[in-house]
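# Structural characterization, general
So you can see what is in the structure, the chains are spelled out below.
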Amino acid sequence: MKTYQEKRHFDKTPEPPWRDDQDKGQHRFVVQKHQAAHLHYDFRLEIGGVLQSWAVPKGPPLKPGVRRLAIKVEDHPVDYIDFAGEIPQGEYGAGSVEIWDKGEFDLKRESTDIVEFSLRGKKLSGSYALIHTADKNWLFIRRKEV
Ligand code: MN
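The paragraphs below set out a description of the structure included in this document. Treat the numbers as computed from the prediction; the structure is a model and nothing was measured. (Residues numbered from 1 in each chain as written. Predicted model: local features only at pLDDT ≥ 70, side-chain atom pairs only at ≥ 80, totals over all residues. Heavy atoms only, no water.)

### Focus on the coordination of the manganese ion
To keep things clear, this is the line we draw: Water is absent from the atoms considered, so a metal site may look incomplete; donors are defined as N, O and S atoms within 2.8 Å of the metal, or 3.2 Å for Na, K and Ca. The buried label goes to any residue with under 20% of its type's maximum accessible area, the exposed label to any with over 50%, and the partly exposed label to all in between, with areas taken from a 1.4 Å probe on protein chains only.
Around the manganese ion, the donor atoms from the protein are His-34 (ND1), His-40 (NE2) and Asp-42 (OD), and they sit 2.2 to 2.3 Å away. Each donor residue of the manganese ion lies on the same chain, and together they follow the pattern H-x5-H-x1-D. Neither His-34 nor His-40 differs from the other in exposure class; each is buried.

Below is the structure:
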């Protein structure tokens with residue numbers, strides 16, 4: 001919460017401020033295409049009333065067996081799931097944000113080093129895993145369906 005709030009000026013950015021009073025039982029996800037200094041895709045999973053978030057430089061893997069680097073970033077408030085718009089120049093993450101995909105997921109396993117889930121979105125669907133490798137680096141893997 002603190003990190004998210006500290007990085008942003010809510011009198012300047014249209015992004016939603018942190019709220020604690022969230023339903024903790026929902027499992028939704030969003031992928032936001034973020035044209036900042038470098039284009040990347042922000043992948044967010046709603047777990048325990050926050051959006052656990054990763055920046056994925058090359059975008060989420062679409063085909064089974066494909067793995068992509070994902071960099072863990074600060075938890076975002078659940079309200080961020082609907083955010084699209086323009087973050088002004090000079091603000092953290094300046095650039096445009098559009099919703100690239102959105103849906104629900106089934107959480108299969110969650111620990112500090114691995115999150116396994118099954119996505120039900122329009123572009124992304126099927127079995128996925130995020131695996132911690134080192135520091136902020138994770139691997140985002142599209143599983144082969146069995
Ligand atoms: Mn971003």
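We are not done yet, so read on.
### Structural notes on the pattern of salt bridges
To be explicit about the condition: The rule for a salt bridge is simple: a side-chain nitrogen of Lys or Arg has to be within 4 Å of a carboxyl oxygen of Asp or Glu.
Across all of its chains, the model carries 14 salt bridges by this definition. Ionic pairing is found between Lys-72 and Asp-75, a salt bridge with its closest N-O pair at 3.9 Å. Each of Lys-7, Arg-8, Glu-15 and Glu-74 takes part in a single network of salt bridges with overlapping partners.

### Some thoughts on the pairing of strand 1 (residues 28–35)
This is how it is decided: By definition, two strands form a pair when at least two bridges between them are found by DSSP. Put simply, DSSP H or I for four residues or longer makes a helix, DSSP E for two residues or longer makes a strand, and each gets a number counted from the N terminus.
With 8 bridges joining them, strand 1 and strand 6 (residues 95–110) adopt antiparallel strand pairing. Looking at strand 6, one finds that His-34 is bridged to Val-97. Bridging between strand 1 and strand 2 (residues 39–47) involves 7 bridges; their strand directions are antiparallel. Residue pairing across strands places His-34 opposite His-40, the latter belonging to strand 2.

### A word on the packing of aromatic side chains
The condition that has to hold: Only the six-membered ring of Trp is used, alongside the rings of Phe and Tyr, when aromatic pairs are assigned; centres must lie within 6.5 Å, and planes under 30 degrees apart are stacked while those over 60 apart are edge-to-face, with the rest tilted.
Taken as a whole and assessed by the stated rule, the structure comprises 14 aromatic pairs. Between Phe-43 and Trp-54, the aromatic rings sit 6.5 Å apart at their centres with planes inclined by 45 degrees, giving tilted as the arrangement. With Phe-43 in strand 2 and Trp-54 in strand 3 (residues 50–56), the pair connects residues that are 11 residues apart, well separated along the chain. Note on accessibility: Phe-43 and Trp-54 belong to one class, buried. An aromatic cluster is built from Phe-29, Phe-43, Trp-54, Phe-105, Phe-117, Tyr-128, Trp-138 and Phe-140, whose rings are joined through pairwise contacts.

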